[in-house]
Amino acid sequence: MSTESSSQFVASDADQPLLEVRDLEVSFSTSSGEVKAVKGADLTVYPGQTVAIVGESGSGKSTSAHAVIGLLPENGSVTGGTIKFAGRDITHLKPKEAEALRGSEIGLVPQDPMSNLNPVWRIGYQVKESLKANNVKTSRAGRQQLSGALVSEELTDHKDDDLYLGSDAKKTLIAELTTALGQSPDAEGKLADADERLAVGSSTRAEVRVIMAELGLPDAENRVNSLVTGGSIDDRVAGLLAEAGLKDAERRARQYPHEFSGGMRQRALIAIGLAARPQLLIADEPTSALDVTVQRTILDHLAGLTSELGTAVLFITHDLGLAAERAEHLIVMYRGNVVESGPARQILDAPKHPYTQRLVSSAPSLASRRIQSEHAAAVASGTETGDSSSAPADNIIVAKDLTKVFRLPGKRPGSHTNFTAVDSISFELERGKTLALVGESGSGKSTAANMALNLLEPTSGSITFDGVDVSTLGKKELFKFRRRVQPIFQNPYGSLDPMFSIYRSIEEPLRVHKVGDAKSREARVRELLDLVSLPQSMMRRFPNELSGGQRQRVAIARALALKPEVIVCDEAVSALDVLVQAQILTLLNDLQAEFGLSYLFITHDLAVVRQIADSVCVMQNGKIVEAAATDEVFDNPKQAYTRELLAAIPGASLSIGGGMAS
Amino acid sequence: MAWYVARRVMQLIPVFLGATLLIYSLVFLLPGDPIQALGGERGVPPAVADQLRAQYNLDKPFIVQYLLYLQGLFSFDLGVSFSGREISEIIASAFPTTFQLAIMALVIETVLGVGVGLIAGLRKGGIFDATFLIVSLLVIAVPIFVIGFVFQFLFGVQLGWFPPTVGSDVSFYTLMLPAIVLGSVSFAYVMRLTRTTVAENLGADYVRTATAKGLSRRRVVSVHVLRNSMIPVVTFLGVDLGALMGGAVVTEGIFNVPGIGNALYTAIKAQDSPAVVSIVTVLVIVFLIANLLVDLLYAVLDPRIRYA
């Protein structure tokens with residue numbers, strides 16, 4: 001509302017909030033009437049501050065953030081409250097005004113890197129768009145126009161930073177350095193150093209001066225001043241990507257999204273979000289779809305970058321540990337309301353609201369322990385799996401030297417390359433126990449699981465199920481085998497047929513295996529729904545009416561229908577919110593105690609492993625690098641890779657769930 | 001890429017052989033004696049009939065006939081029709097007309113279909129959208145010969161905007177009315193396809209990201225929504241081009257367009273098997289080439305498709 005303060009003015013004043021949201025209400029008009037997604041949320045972000053909104057899906061955290069940047073879907077609207085950005089009311093902006101604000105003042109790093117880049121445009125083009133849309137000048141002429149301060153040649157203060165190193169200038173500088181160094185012994189090392197440190201489109205004139213002087217370019221100051229006069233827009237794109245942590249950025253900018261991994265795509269999205277140097281960056285679950293180790297490097301990088309640029313960050317996550325680690329101030333949202341807000345440490349140590357208390361106690365972290373059931377406690381003194389165990393363990397699945405090689409089509413016609421997804425791994429799953437295969441994506445853990453399910457034929461090696469080599473099974477025996485080993489998959493949205501009612505989904509395996517008649521099957525389905533704590537009335541409904549956690553319960557009920565002995569859980573809880581995740585793990589654990597189930601648990605999340613597994617195999621690049629009992633791995637990790645995975649668990653350094661810590 | 005094209009061209013060989021064999025055998029199996037049919041009511045004297053049979057190889061076993069036909073094809077000799085014209089000449093005279101008609105129909109349906117579909121997709125559920133959904137439903141539901149006759153009567157006879165028939169006077173102007181009729185059905189499909197994909201892509205995450213960059217609405221729609229929406233539309237248009245090139249027998253009949261459809265119709269009626277087989281063969285090749293071009297265009301629109 002206040003007209004006297006321009007955004008530049010407030011930006012330099014740290015006492016004034018950058019973003020101030022008061023009593024925000026957001027409603028969606030749906031076919032079943034008005035739905036209030038946010039009911040009176042308050043939040044404040046000061047310049048340069050990192051604030052996290054924590055909450056489960058449907059809590060309104062993303063909706064609040066989208067309201068700030070004016071990206072609500074068409075059926076959504078702000079129905080109450082005010083949003084002030086840098087002192088200006090931006091609650092109801094005209095489309096043109098909102099356009100001007102987006103990108104240049106408020107940036108966004110979206111949630112899912114796989115779907116947020118347009119697949120048909122090159123990465124560089126998509127970064128360039130955000131520069132062009134916000135009128136960011138990269139050439140010297142453009143810069144001078146932008147700021148009168150640059151007109152003077154002798155400027156040496158930080159304002160000079162606005163001139164970036166161009167690709168031509170870099171070539172010339174390297175060439176001059178080569179001649180200058182001549183035959184000196186360390187020339188090669190210095191040139192490599194220069195090549196690495198001079199980032200096209202990112203290194204500023206002041207930085208280049210320092211680097212070149214250090215490396216011994218004669219008359220460095222004058223040479224650099226005359227050569228570094230701003231780069232082309234393509235140089236700046238490469239520079240932005242390099243700043244976001246993408247290696248070999250100039251070449252990468254010419255590639256398409258499908259040539260990038262998830263982590264690389266997220267880096268590109270960070271480059272896009274920060275391209276026009278906004279004062280506020282909204283990071284909406286920026287790493288939830290990524291592996292923990294990738295998550296950590298990307299968040300570290302983002303934190304470094306934003307603190308360097310003085311960008312305020314509004315960080316949205318469902319992971320309390322992550323939020324506490326990354327933000328100074330936490331805002332906890334629950335069902336459209338802000339239930340608690342305050343300094344991160346204070347909320348962790350003394351949560352006031354019951355919801356926050358639950359969130360804190362169920363946060364998976366290093367501190368948490370194996371979920372104990374009565375059954376497990378009773379046999380706690382049982383044998384441990386391991387190569388050294390001399391007692392004949394009752395192993396239900398034994399994999400020996402398992403290898404899977406995929407043939408990939410090569411570049412030239414008719415040629416092919418071999419890719420070894422799983423490289424000679426051996427593991428044993430003891431009856432009634434849980435074995436976890438842990439690794440990042442691409443480590444071969446899911447391929448191993450598919451071989452254990454006999455859905456994929458091993459290239460070599462064998463899998464023995466209950467004493468029988470599964471590769472020798474005939475058609476009929478295989479059918480029987482399927483009954484004894486059941487899978488639960490990662491994505492509860494994709495693993496249930498949307499056209500099948502819940503009843504039909506759960507009943508299908510019974511029908512396929514001709515178990516009982518229609519009546520007894522219905523009784524069994526009811527029983528199964530009870531087991532997974534779903535109301536029996538749910539069986540007439542369809543998957544799209546259910547939440548993620550409910551769907552995963554249905555998937556578990558379906559897996560249990562045939563009374564299997566082994567369940568292979570392929571990332572069974574990775575897609576779920578923390579609280580739901582804790583419930584599902586407890587459920588799996590109780591079922592194990594009740595029916596003596598054996599679990600082969602595939603996950604990338606070590607925090608989950610600690611809660612459910614008896615023993616762990618850590619996989620990297622298709623090999624098992626470490627295999628031991630769970631406590632052993634956590635308390636005394638032997639391999640550097642395992643330690644890296646452990647350190648990457650969000651909130652590892654904080655003692656969340658302190659009540660459960662030993 | 002080059003390897004992909006080479007492989008696709010090699011794939012033409014079995015398709016080509018299969019199609020010609022199938023057509024040849026179907027024509028061969030047609031009831032009635034084509035030589036007797038030539039004589040009409042009076043019949044053909046046995047000596048003349050035998051001589052004609054020998055000339056057209058009709059006295060030889062089926063497979064020999066087929067192989068002799070292939071031999072002719074590979075020496076670029078499509079043979080002579082029963083009516084005594086060189087078949088290559090028939091095709092050469094009819095094909096340009098059909099080609100022009102097909103391209104005109106394709107341009108009409110693409111420009112109108114994509115334009116209307118885009119607006120309808122952007123304003124899904126609005127009056128514009130509803131109106132054109134009904135229009136497209138009508139066009140799809142009404143048989144093309146009805147549309148043809150109605151347009152001919154309305155714009156050709158009553159209003160006199162266009163000549164009602166084409167005849168020997170083939171020009172851009174005279175072909176306009178048949179092109180509109182020919183393109184009308186495909187227009188409805190293109191419009192519906194565009195509308196659906198545009199509406200779907202509008203909700204895509206990358207469109208939201210593009211908006212978050214600060215791009216104008218116009219740019220978001222043209223760069224991020226429209227290009228991605230064109231991928232399925234191009235597939236449809238490619239198949240449609242092949243079908244249009246095949247000559248629209250009905251439309252060409254209504255407007256008396258001297259195109260390939262008309263030539264084919266005449267040949268079938270006369271049981272002129274050499275002509276039928278040759279014309280169909282050329283059409284098969286045209287269809288396959290149109291499809292190849294679409295597949296290549298695909299890679300331009302969608303870089304995820306890699307040819308290996």
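This structure is a prediction, so every number in the text was calculated from the model and none was measured.

**Student:** Go over the overall build of chain A with me, naming the residues and quoting the values.
**Tutor:** Scanning chain A for helices and strands turns up 26 helices and 20 strands. The burial tally for chain A puts 52% of its 662 residues in the buried class. The contacts of chain A with a sequence gap of at least 6 include a subset with a gap of at least 24, amounting to 71%. Carbon and sulfur atoms provide 50% of the accessible area of chain A, an area that totals close to 29,100 Å².

**Student:** Describe the interface of chain A and chain B, listing the residues and the values that go with them.
**Tutor:** Contacts between chain A and chain B engage 28 residues on the former and 22 residues on the latter. Here chain A and chain B share an interface that buries about 2,400 Å² over both sides, 57% of which is from carbon and sulfur atoms. Close ionic contact of Glu-129 of chain A with Lys-213 of chain B constitutes a salt bridge, the shortest N to O distance being 2.8 Å. Viewed at the interface, chain B and chain A are joined by 16 residue pairs in polar contact (both at pLDDT 80 or more). Taken together, the elements giving at least two residues each to the side of chain A that touches chain B come down to α2 (61-69), α3 (95-101), β6 (106-109), α4 (123-133) and α12 (262-274) of chain A. In terms of residues, the side of chain A that touches chain B owes the most to one element, α4 of chain A, which gives five residues. Considering only residue class, the side of chain A that touches chain B consists of 15 nonpolar, nine polar and four charged.

**Student:** Mind laying out the environment of Leu-510 of chain A, listing which residues take part and the relevant values?
**Tutor:** Residues and elements named next belong to chain A. For Leu-510, the position within the fold is in helix α20 (residues 502-512). Relative accessible area serves as the criterion here: at 2%, Leu-510 is assigned to the buried category. The spacing of Leu-510 and Arg-524 is 14 residues in sequence and 9.1 Å in space, taken between C-alpha atoms.

**Student:** Could you give an account of the UniProt feature "transmembrane region" (unreviewed entry) in chain B, naming the residues involved and the relevant values?
**Tutor:** According to UniProt, the positions carrying the feature "transmembrane region" (unreviewed entry) are residues 12-30, 99-120, 132-155, 170-190, 233-255 and 275-301 of chain B. What you have in residues 275-301 of chain B is 100% helix and 0% strand, and the ends, taken at the C-alpha atoms, are 39 Å apart.

**Student:** Explain helix α9 (residues 220-227) of chain A residue by residue, including any values.
**Tutor:** For α9 of chain A, the complete set of buried residues consists of Ala-220, Val-224, Asn-225 and Leu-227 of chain A. Its buried side turned inward, α9 of chain A meets α6 (167-181) and α8 (205-215) of chain A.

**Student:** I'd like a rundown of α2 of chain A, residues and numbers included.
**Tutor:** Residue and element names in this part refer to chain A. For α2, the tally of buried residues reaches nine of nine residues, placing the bulk of the element in the interior. Among the residues of α2, Lys-61, Ser-62, Thr-63, Ser-64, Ala-65, His-66, Ala-67, Val-68 and Ile-69 are the ones counted as buried. Once α2 finishes, Gly-70 follows within two positions and takes phi at roughly 70°, a positive value.

**Student:** Please provide a residue-by-residue account of the sheet that holds strand β4 (residues 76-85) of chain A, values included.
**Tutor:** Residues and elements named next belong to chain A. Across the sheet, which stays open at both edges, the four strands sit in the order β2-β1-β4-β5 with antiparallel pairing between neighbours. Only two strands of the sheet have a single neighbouring strand rather than two, namely β2 (33-45) and β5 (88-89). Both β4 and β5 contribute to a ladder of two bridges, which runs antiparallel. Following the sheet pairing, Lys-84 is matched in β5 by Asp-89. Together, β1 (19-30), β2 and β4 form the strand contacts of α2, whose direction differs from that of β1 by roughly 105°.

**Student:** I'd like to hear about the nonpolar core, residue by residue, with values.
**Tutor:** Counting residues in hydrophobic clusters, the biggest one holds 65 residues, and the most contacted among them are Phe-95, Phe-255, Ile-260, Val-276 and Ile-279 of chain B. Elements that contribute at least two residues to this core include exactly α1 (2-29), α4 (62-74), α5 (87-122), α7 (144-158), α8 (172-202), α10 (217-245), α12 (260-269) and α13 (273-301) of chain B. Among the elements that make up this core, the one with the highest residue count is α13 of chain B (13 residues). If we ignore the near neighbours within four places in the chain, the residues touching Phe-95 of chain B are Met-245, Ile-260, Leu-283 and Val-286 of chain B. Among the nonpolar cores identified, the runner-up in size contains 55 residues, and Val-438, Ile-502, Val-609 and Val-618 of chain A belong to it.

**Student:** So, the sheet that holds strand β19 (residues 615-620) of chain A: which residues are in play, and what are the values?
**Tutor:** Pairing between the strands of a sheet comes from backbone hydrogen bonds, and it takes one of two forms, parallel or antiparallel. All names here are of chain A. Strands sit in the order β16-β17-β18-β13-β19-β20 across an open sheet of six strands; the sheet is mixed. The open sheet has two edge strands with one neighbour each: β16 (485-488) and β20 (623-629). Neighbour to neighbour, the strand axes of the sheet diverge by 15° on average, direction disregarded. Looking at chain direction, strand β13 (residues 434-438) and strand β18 (residues 598-603) are connected through five bridges and run parallel. Among the inter-strand pairings, Ala-436 is bridged to a residue of β18, identified as Phe-601. Lying over the sheet, helix α18 (residues 445-452) contacts β13, β17 (566-570), β18 and β19, oriented at roughly 150° with respect to β18. Lying over the sheet, helix α22 (residues 548-560) contacts β16 and β17, oriented at roughly 175° with respect to β16.

Here is what the cut-offs are and how they apply
Residues numbered from 1 in each chain as written. Chains lettered and ligands numbered in written order. Predicted model: local features only at pLDDT ≥ 70, side-chain atom pairs only at ≥ 80, totals over all residues. Heavy atoms only, no water. Helix = DSSP H or I, 4+ residues; strand = E, 2+ residues; numbered from the N terminus. Buried < 20%, exposed > 50% of the residue type's maximum accessible area, 1.4 Å probe, protein only. Contact = heavy atoms within 4.5 Å. Areas by Shrake-Rupley, 256 points an atom, 1.4 Å probe, with all protein chains shown as cover. Buried area = accessible area lost by both parts, 1.4 Å probe. Salt bridge = Lys/Arg side-chain N within 4 Å of Asp/Glu carboxyl O. Polar contact = N/O pair within 3.5 Å; in protein donor to acceptor, adjacent residues only side chain to side chain. Nonpolar A, V, L, I, M, F, W, Y, C, P; charged D, E, K, R; others polar. UniProt positions renumbered as here; feature names shortened; annotations may be inferred. Pairing = 2+ DSSP bridges. Axes fitted to C-alpha atoms, helices over the stretch in contact; angles between N-to-C directions. Core = buried A, V, L, I, M, F, W, Y, C linked by side-chain atoms within 4.5 Å.

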